[in-house]
Amino acid sequence: MNAPVVIIGTGLAGYNLAREFRKLDGETPLLLITADDGRSYSKPMLSTGFGKNKEADGLSMAEPGAMAEQLKAEVRTHTRVSGIDPGHKRLWIGEESVYYRDLILAWGAETVRVPVEGDASDSIFPINDLEDYARFRAAAAGKRHVLILGVGLIGCEFANDLILGGYDVDLVAPCEQVMPTLLHPAAASAVQAGLEAFGARFHLGPVLTRLVRSDNGLQAHLSDGEVVQCDLVVSAIGLRPRVDLAAAAGLETGRGVVVDRHLKTSHANIYALGDCAEVDGLNLLYVMPLMSGARALAQTLAGTPTAVKYGPMPVTVKTPVCPLVISPVPKGLEGVWSVEGQGADIKALCHDARGNLVGYALTGTAVLDKLALNKALPPLLA
Ligand SMILES: Cc1cc2nc3c(=O)[nH]c(=O)nc-3n(C[C@H](O)[C@H](O)[C@H](O)COP(=O)(O)OP(=O)(O)OC[C@H]3O[C@@H](n4cnc5c(N)ncnc54)[C@H](O)[C@@H]3O)c2cc1C
């Protein structure tokens, strides 16, 4: 029998690649393997679920059986790949070996965890997939007060969403502003002020050092001596692309699994896509890049080698109390920022030495300018 095309991961990268591939090739055997339950869902919806009062089941779009049928594929769920043997074109699931024609790593990124002292570390919840979300929702039922670790994009989105869902929210992070790696300070102030006006309390500077149970919930001890009372903690301190199995198999890794513009790793017949992939030096943990990658890689797998191209990829942040769109300055480009507007409505633009727009952050009513500005942005991968 022909060895199948094997995709590891059934997140947006894995399932979208399978869909794109099936548009071009209805015959080649296709196997998807996932460590989770294999339900199809849109991960960005995880940080809008409380505001919309959606259980995990309500965010699920299709069961793995339906996906298998739709994709004319086998979908193996709750199955963790434990090793790759590129020399023999096979992978390992424990003792079992599975041979592939082509292998696609779409195994995503994992949440960064930091050690915290105390007897309540089981009350710290990362939310990076549907099962995490289900666990957190079950734990949050009947509770009031959530402490969020991290004030990046995801931390701010969860703050907005949890307040919409009726929770009190504190945020703690060892930095001076929200989204420090993404946002101009003027835009960051606008977002923070919007969330504060909505009820969020920020503790910028310290870290959580100890989490202990108390008579009425949890006590979160911060490194500056402050103690925050809460019922649950959400960890949103960052994601790290999964690279360990790839590195152990001898594939080149950097921040992610290193791939070229054809999404090919350093080994023939092995590709990477989505949060785990570092494409031509770019590891972008967003949906638009993986959709472009899925279309290009499907062509390659179907016999037409196709390089991926990225246009400008602005990100709309789901903080409706302070609308925010960001187009981060691409790696390798530099520029000078200028800021217009005030209060909630900030237009921060970054131009290079020739006067070309290379990035922006828009808040409040300034987001209305995004379509016009997008036309002036450079492509991320031409
Ligand atoms: C809360 C939240 C909100 C977001 N909002 C936005 C947004 O608004 N806009 C945007 O562009 N992006 C957003 N993102 C980012 C975006 O959702 C991700 O970039 C994208 O979903 C990543 O998809 P993926 O398929 O690469 O990874 P994942 O969805 O993480 O899928 C990884 C898959 O690999 C499987 N896997 C891992 N290891 C193994 C193994 N060893 N064996 C077998 N299977 C394995 C997992 O079970 C899973 O099926 C958000 C992310 C989060 C967490």
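Keep in mind it's a predicted model, so treat the numbers as computed, not measured.

What counts, and where the lines are drawn
- Residues numbered from 1 in each chain as written.
- Predicted model: local features only at pLDDT ≥ 70, side-chain atom pairs only at ≥ 80, totals over all residues.
- Domains from an automatic or database assignment.
- Contact = placed C-beta atoms within 7 Å.
- Nonpolar A, V, L, I, M, F, W, Y, C, P; charged D, E, K, R; others polar.
- Pairing = 2+ DSSP bridges.
- Helix = DSSP H or I, 4+ residues; strand = E, 2+ residues; numbered from the N terminus.
- Axes fitted to C-alpha atoms, helices over the stretch in contact; angles between N-to-C directions.
- Near = placed C-beta within 6 Å.
- Buried ≥ 20, exposed ≤ 12 C-beta atoms within 10 Å, placed from the backbone.
- Expected span 1.5 Å × (residues − 1).
- Core = buried A, V, L, I, M, F, W, Y, C linked by C-beta atoms within 7 Å.
- Right-handed = clockwise from strand over helix to strand, strands pointing away.

Draft legend 1. Spatial organisation of the domain arrangement of the protein chain. Under the domain assignment, the protein chain is made up of domain 1 (5-110 + 239-301), domain 2 (113-235) and domain 3 (323-374). Placing a centre on the C-alpha atoms of domain 1 and another on those of domain 2 gives a separation of 30 Å. At the interface, 16 residues of domain 1 touch 15 residues of domain 2. Considering only residue class, the side of domain 1 that touches domain 2 consists of six nonpolar, six polar and four charged.

Draft legend 2. The sheet that holds strand E5 (residues 74-76), seen in detail. If you walk across this open sheet you meet the five strands as E5-E2-E1-E9-E21, and the pairing is parallel. At either margin of the open sheet sits one strand with a lone partner, and together these are E5 and strand E21 (270-272). Adjacent strand axes in the sheet meet at a mean angle of 20° when their direction is disregarded. Inspection of the sheet shows strand E9 (residues 102-105) paired to E21 by three bridges, in the parallel sense.

Draft legend 3. Structural context of the site of the ligand. As a matter of local geometry, the ligand sits amid 34 residues, with Gly 9, Gly 11, Ala 13, Gly 108 and Gly 274 nearest to it. Each of domain 1 (5-110 + 239-301) and domain 2 (113-235) gives at least three residues to the shell around the ligand.

Draft legend 4. Fine view of the environment of Ala 62. With respect to the helices, strands and loops of the structure, Ala 62 is situated in strand E4 (residues 60-62). The exposure class of Ala 62 is partly exposed, given the 15 C-beta atoms found within 10 Å. Sequence separation between Ala 62 and Tyr 41 is 21 residues, and the spatial gap between their C-alpha atoms is 7.3 Å.

Draft legend 5. Inspection of the environment of Leu 373 at higher detail. Inspection of the secondary structure puts Leu 373 in helix H9 (residues 370-374). Overall, the presence of 19 C-beta atoms within 10 Å leaves Leu 373 in the partly exposed class. Residue contacts for Leu 373: discarding those within four places in its chain leaves Leu 357 and Tyr 360.

Draft legend 6. Main features of helix H1 (residues 12-24). Given a rise of 1.5 Å per residue, 13 residues ought to cover 18 Å, and the 19 Å separating the end C-alpha atoms of H1 matches this to within 8%. Every buried residue of H1 is listed here: Leu 12, Ala 13, Gly 14, Tyr 15, Asn 16, Leu 17, Ala 18, Glu 20 and Phe 21.

Draft legend 7. Representation of the nonpolar core within the structure. The biggest cluster of nonpolar side chains holds 64 residues, and the ones touching the most others in it are Ile 148 and Val 234. Here the element with the most residues in this core is helix H5 (residues 153-164); it accounts for six residues. Dropping the residues within four chain positions of it, Ile 148 is found in contact with Gly 155, Phe 158, Ala 159, Val 169, Leu 171, Val 234 and Ala 236. In terms of nonpolar packing, the next biggest core, distinct from the first, is built from 50 residues, Val 6, Ala 68, Ile 104 and Ala 294 among them.

Draft legend 8. Region of interest: the pairing of strand E14 (residues 201-204). Here four bridges tie strand E13 (residues 168-173) to E14, and the two strands are oriented parallel to one another. Residue Val 172 lies in a different strand from E14, and its bridge partner there is His 203. Where the polypeptide runs from E13 across helix H6 (residues 185-197) and back to E14, its parallel neighbour, the crossover connection is right-handed.

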